[in-house]
Amino acid sequence: MPLTHNSEGEPIGFTAFAAKYATEEACYNKLYEIRQEAGFCCPRCGCCVFYPIQKRKLYQCKECRHQTSLIVGTAMEGTHLPLRKWFWAMYLVATDKRGISALAIQKQLHMTYNTAWFLVQRIRQMMGNREENYMLLGIISFEDADFGRAPKELIQSRGKRKCKVLVGMSKTESGKPRYAKFIYVKDLKGKTIQEAADRAFMPGAKIETGTCRSYRKQIKEKYLTSYATKDATKEELLWLRTVVSNIKLLFNGTYHGLDARHMQRYLNEAAYRFNRRKMEDMIFDRLLATIPGSSHITYRELTRGTGRV
Ligand SMILES: [Zn+2]
């Protein structure tokens, strides 16, 4: 069910969100609930029984007495921001169809630009962690697309000027788009394409791709018995190309000067929203549920471009 708006032009989903998470305590209780549902266990010994230390919002393991908190081991680990600001930022990132820039988060949530940027990158990390759990199956359109200028180091070391992104999109029998994957790659060598296909497609998928021979060779070699390949017609790739051009427009319109080192995170955000476009009223709750399975990344790792996406 799509979001509808109240008389002030605010989405009803926003009103409900604002009322539900108006206090730090409400956010903390929700986080506790999410972690319990996912199985909150001691990071040191694996025991799942804790004694709460209320004043410090810590939990002491019954077995080894190790103390932990609800955010340890997640993308939120080490944060000094109130949970309310996390929840608000997650709501805005998840629900704004045009994407929301760090600058807009900075203004709306009253924080420095660097804090807002770090916060949004970690939310994209959560989205990426969740997207990694899914693979495409059935009929899949597959081809590469250029997404802006490559990072400086890639231009210098390999002469690559464009950011290459492999795009896979599963479709219904009638050709309508279902789910998409966007994988940023350093080159279009056969090995790279093969590795990306292994991460993105279930065995048995039927790949429709362009006339690029290297695609056909690589995919066919490994999946000879389960993959059918052919030259896709323009019509078969139409949806994929439409979605790619929409995402490029979004990147150009919202994320001016997008840093290519973080391309995969921006793609994660686009894929997360695209793949949940039919569940808009639940998209924030779904994002909250990704917290326990999210991975921790530091500001230093992000700014050095060494963090795993
Ligand atoms: Zn323990």
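Throughout what follows, the structure given in this document is the object of discussion. Just so you know, the residues in each chain are numbered from 1, in the order the chain's sequence is written. Totals for whole chains, interfaces and linings use every residue, but because this is a predicted model, local features are given only for residues with pLDDT of at least 70 and side-chain atom pairs only at 80 or more, for both listing and counting. To obtain the side-chain values, all non-hydrogen atoms of the structure were used and water was disregarded.

Here we look at the overall build of the chain
Here is step 1: Within the chain, the secondary structure is distributed over 12 helices and eight strands.
Here is step 2: For the exposure calls, accessible area comes from a 1.4 Å probe over protein chains only, and a residue counts as buried if that area is under 20% of its type's maximum, exposed if over 50%, partly exposed in between. Going through the 309 residues of the chain one by one, you find that 46% of them count as buried.
Here is step 3: Total accessible area on the chain is roughly 16400 Å²; 53% of this is exposed by carbon and sulfur atoms. Helix numbering and strand numbering both begin at the N terminus, where a helix is a DSSP run of H or I of at least 4 residues and a strand a DSSP run of E of at least 2. The method behind every accessible area is Shrake-Rupley, applied with a 1.4 Å probe, and residues are considered shielded solely by the protein chains displayed.

With respect to the coordination of the zinc ion
Here is step 1: Counted as donors are the N, O and S atoms within 2.8 Å of the metal, or 3.2 Å for Na, K and Ca, while water is not among the atoms, so some sites may look incomplete. Protein-derived ligands of the zinc ion are C42 (SG), C45 (SG), C61 (SG) and C64 (SG), with the metal-ligand distances lying across 2.3 Å.
Here is step 2: Any coordination sphere not matching a tetrahedral pattern (four donors, all angles between 85 and 135 degrees) or a square planar or octahedral pattern (four or six donors, opposite donors over 155 degrees apart, other angles between 65 and 115) is reported as irregular. Between the four donor atoms coordinating the zinc ion, the angles at the centre fall across 99 to 115°, so the site counts as tetrahedral.
Here is step 3: Look at where the donors of the zinc ion fall in the sequence and you get C-x2-C-x15-C-x2-C.
Here is step 4: On the basis of relative accessible area, C42 is assigned to the buried category, the value being 4%.

Notes on the nonpolar core
Here is step 1: Here, nonpolar core means buried Ala, Val, Leu, Ile, Met, Phe, Trp, Tyr and Cys residues that are tied together by side-chain atoms lying within 4.5 Å of each other. By size, the foremost hydrophobic cluster in this structure holds 71 residues, and its most contacted members are W86, M90, I105, F147, F182 and F251.
Here is step 2: When residues in this core are grouped by element, the largest group, nine residues, is from helix α3 (residues 83-95).
Here is step 3: Any two residues whose heavy atoms approach within 4.5 Å at even a single point are treated as in contact. Ignoring anything within four residues of it in the chain, the contact list for F147 reads C163, V165, V244, I247, K248, F251, M263 and L267.
Here is step 4: Grouped together as the second largest cluster of nonpolar side chains are 13 residues, L136, F142, V185 and I193 included.

Observations regarding the pattern of salt bridges
A pair can form between side chains of opposite charge whenever their charged atoms are brought close.
Here is step 1: One speaks of a salt bridge when a side-chain nitrogen belonging to Lys or Arg is within 4 Å of a carboxyl oxygen belonging to Asp or Glu. In total, this model carries 11 salt bridges according to the counting rule given.
Here is step 2: Residue K97 is joined to E280 by a salt bridge in which the shortest nitrogen-to-oxygen separation is 3.2 Å. In this pair, K97 sits in the loop between α3 and α4 (102-109) while E280 sits in the loop between α10 (263-275) and α11 (283-288), placing the two residues 183 residues apart along the sequence.
Here is step 3: Note that K171 and E208 form a salt bridge whose closest N and O atoms lie 2.9 Å from each other. With K171 in strand β5 (residues 162-171) and E208 in strand β7 (residues 206-209), this residue pair connects regions lying 37 residues apart in the sequence.

Details of the packing of aromatic side chains
Here is step 1: Any pair of Phe, Tyr and Trp rings, taking the six-membered ring for Trp, is counted once the centres come within 6.5 Å. Such a pair is stacked with planes under 30 degrees apart, edge-to-face with planes over 60 apart, and tilted for the rest. Evaluated as defined, the whole model comprises 19 aromatic pairs.
Here is step 2: Consider the rings of F14 and Y91, whose centres lie 5.8 Å apart with planes at 55°: the pair is tilted. In this pair, F14 is assigned in helix α1 (residues 12-20) and Y91 in helix α3, connecting sequence segments 77 residues apart. Like Y91, F14 is buried.
Here is step 3: Ring geometry for F50 against Y59: centres 6.3 Å apart, planes inclined by 80°, an arrangement best described as edge-to-face. By the burial criterion, F50 is buried, and Y59 matches it.

Some thoughts on the environment of G253
Here is step 1: Relative to the elements of secondary structure, G253 occurs in helix α9 (residues 238-254).
Here is step 2: Overall, the relative accessible area of 49% leaves G253 in the partly exposed class.
Here is step 3: Along the primary structure G253 and S101 are separated by 152 residues, whereas in three dimensions their C-alpha atoms are 10.0 Å apart.

As for α10
Here is step 1: Any helix carries an expected span of 1.5 Å times its number of residues minus one. For α10, with 13 residues, the first-to-last C-alpha span of 18 Å sits near the 18 Å given by 1.5 Å per residue.
Here is step 2: Across the 13 residues of α10, 13 count as buried, placing the element largely inside the fold.

Interpretation note: all reported values are geometric properties and have no functional meaning in isolation.
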